[in-house]
Amino acid sequence: MDQLLEMADIVSGIIWGPFVLIPLLLGVGVYLTIRLRLLQLFKLPHALWLALVRRKEDASVEGDISHYQALSTALAATVGVGNIAGAALAIGIGGPGALFWMWIIGIFGMATKYSEALLGVKFRRTDAKGEQSGGPMYYLKHGIKGGLGTFLGVAFAVFGAIAAFGIGNGTQANTVAQQVNSVTGVEPWIIGLVLMLLAGAVILGGIKSIGRVTSALVPVMIVGYVGICLLVLIVNWAAILPALQLVVVSAFTGTSATGGFVGAGVMLAIQMGFARGIFSNESGLGTGGIAAAAAKTTQPVRQAMVSMTQTFIDTIIVVSMTCLVIITTGVWEVENPEDGSLLTSQALTEGLGAISPAFGSAGAYVVAIAVAVFAFSTLLGWAYYGERCVEFLGGRGLVLPYRLVFIAVIFVGSVATLDSVWLFSDIANGLMALPNLVGLLLLSPVIVAETKKFFGHPDWRDPDAVMDDVRG
């Protein structure tokens, strides 16, 4: 087992090293940003209005769930343990500069997420049960002609079906079990059993059940967590500007050893920022296209704008809150952090403790509740992603067996070893991203053409306007 973990660590280092995914993720994001003329910034206000105010289209249009529910499903899958444990671990290992690189991958990742969602809706298909099925496996196969497209599509589906058990299952269940156990003393297997039963009740109902639950749960969990983090930052307001300065400076100079922190170079800050950033917002993995394909929508571009707000909310807002709380309270200066959620717990405990001792004692419970709720929602979203991958590979008949195995693995993940779960999740993420990123580059002319057609229409701002001539 030790040898296997050593080999996996080498493979992960190669995939997430300076010559494979880091330049590819950044390069694709930059390239799409240029081709789309900074669309993710100029169209962000309208996209947020569509996502959070307008929320849905006519119920009669093709699709399984509203575009707000599609966004909620994507947010449920991404706003998870990565925002609490993953982001904290990035700071604890790579130093404050890792946050800067998470911002960078987040900003450029918005263009990537937009592109994935656009293609996901444009190339979606109806499965044997009459539900919409889309995502990278479909736009790779049907958008790229010949054997290459089929190969990339199948590769993504295989890696996606497997990765769902790591990033969307094992890491979530494991972190919940460890965090809740540290606070309450309840045995991890009991926590895993409860989590498995609750998630299973929703997952077996399919995307409509998942959409209903996530649309109600996601706003509450995000607003609640961000509100508590803001309270800590208000208390430590004097440390905010120095923390931001430290983030920017250490992103380019590295972080010297201080306190228990052993120091980190620039490359480590970039690697941790990119790896944990993509683990958190999933831009480049292609999952946003799977969720977007289920939306009731007539316009691929409109759903793409809604979907790109997910990366903004996840990384620029939620991840920033976690990291700034850890930096401003000074708890990032620990030696060899092993559990990011405990690092966040310590930061909130100290931050809230500055208000009153009673508040301080609640910090660990706040993180335990946040981890449990975030992870629960992530399990729901990734169960859907995985089942769409196996449906592509073997048809609708594989969906129910996959759901049952996925539900069972929730329990297994709750009692597994955390280090190995995180390590294999990073590898699976990378293997998912590779075919998707290659496909996005090859299909960029389609993305640009669809975008130009949509925004060239005089009524593009009106979601009620009939725009048949620009439908994908």
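Residues numbered from 1 in each chain as written. Predicted model: local features only at pLDDT ≥ 70, side-chain atom pairs only at ≥ 80, totals over all residues. Heavy atoms only, no water.

Engineer: Quick rundown of the overall build of the chain? Include the residues and the values.
Structural biologist: Along its length, the chain carries 22 helices and 2 strands. Here the C-alpha atoms of the chain give a radius of gyration of 21 Å, agreeing with the 23 Å that 2.2 N^0.38 yields for 472 residues. Over its C-alpha atoms, taken along the principal directions, the chain stretches across nearly 60 × 45 × 45 Å. Expressed as a percentage of its 472 residues, the buried residues of the chain come to 61%. (Helix = DSSP H or I, 4+ residues; strand = E, 2+ residues; numbered from the N terminus. Rg over C-alpha atoms; globule rule 2.2 N^0.38 Å. Buried < 20%, exposed > 50% of the residue type's maximum accessible area, 1.4 Å probe, protein only.)

Engineer: So what about the nonpolar core? Which residues, and what values?
Structural biologist: Counting 144 residues, the largest nonpolar core has I91, L99, Y114, I222 and W382 as the members making the most contacts within it. At 16 residues, helix α19 (residues 363-394) tops the list of elements feeding residues into this core. In this view, I222 contacts L75, V79, I313 and V318; residues no more than four positions away in its chain are not counted. (Core = buried A, V, L, I, M, F, W, Y, C linked by side-chain atoms within 4.5 Å. Contact = heavy atoms within 4.5 Å.)

Engineer: Can you break down the packing of helix α7 (residues 97-122) against helix α22 (residues 444-455) residue by residue, with the values?
Structural biologist: What describes two packed helices is the angle between their axes and the distance between those same axes. At a minimum axis distance of 10 Å, the contact between α7 and α22 shows a crossing angle of 85°. Considering the angle they form, α7 stands roughly perpendicular to α22. Residues Y114, S115, L118, L119 and K122 of α7 form the contact with α22, whose participating residues are V446, I447, E450, T451 and F455. Classifying every residue of the contact of α7 with α22 gives 6 nonpolar, 2 polar and 2 charged. (Axes fitted to C-alpha atoms, helices over the stretch in contact; angles between N-to-C directions. Parallel < 35°, antiparallel > 145°, perpendicular 65-115°, else oblique. Nonpolar A, V, L, I, M, F, W, Y, C, P; charged D, E, K, R; others polar.)

Engineer: Describe the environment of R388, with residues and values.
Structural biologist: Assignment of secondary structure puts R388 in helix α19. Between the C-alpha atom of R388 and that of L398, which follows or precedes it by 10 residues, the distance is 9.7 Å. If we ignore the near neighbours within four places in the chain, the residues touching R388 are D127, E131, Q132, S133, M137, I290, R396 and V399. Of the polar contacts made by the side chain of R388, one reaches the side chain of S133; its length is 3.4 Å. Among the polar contacts made by the side chain of R388, one reaches the side chain of E387 at a distance of 3.4 Å. (Polar contact = N/O pair within 3.5 Å; in protein donor to acceptor, adjacent residues only side chain to side chain.)

Engineer: Describe in detail unusual backbone geometry, supporting the description with residues and values.
Structural biologist: Non-glycine residue R37 carries a positive phi angle of around 55°. Its location among the elements puts R37 in the loop between α2 (21-35) and α3 (39-42). Positive phi, close to 65°, is recorded for E282, a residue that is not glycine. By the element assignment, E282 lies in the loop between α14 (266-281) and α15 (287-292).

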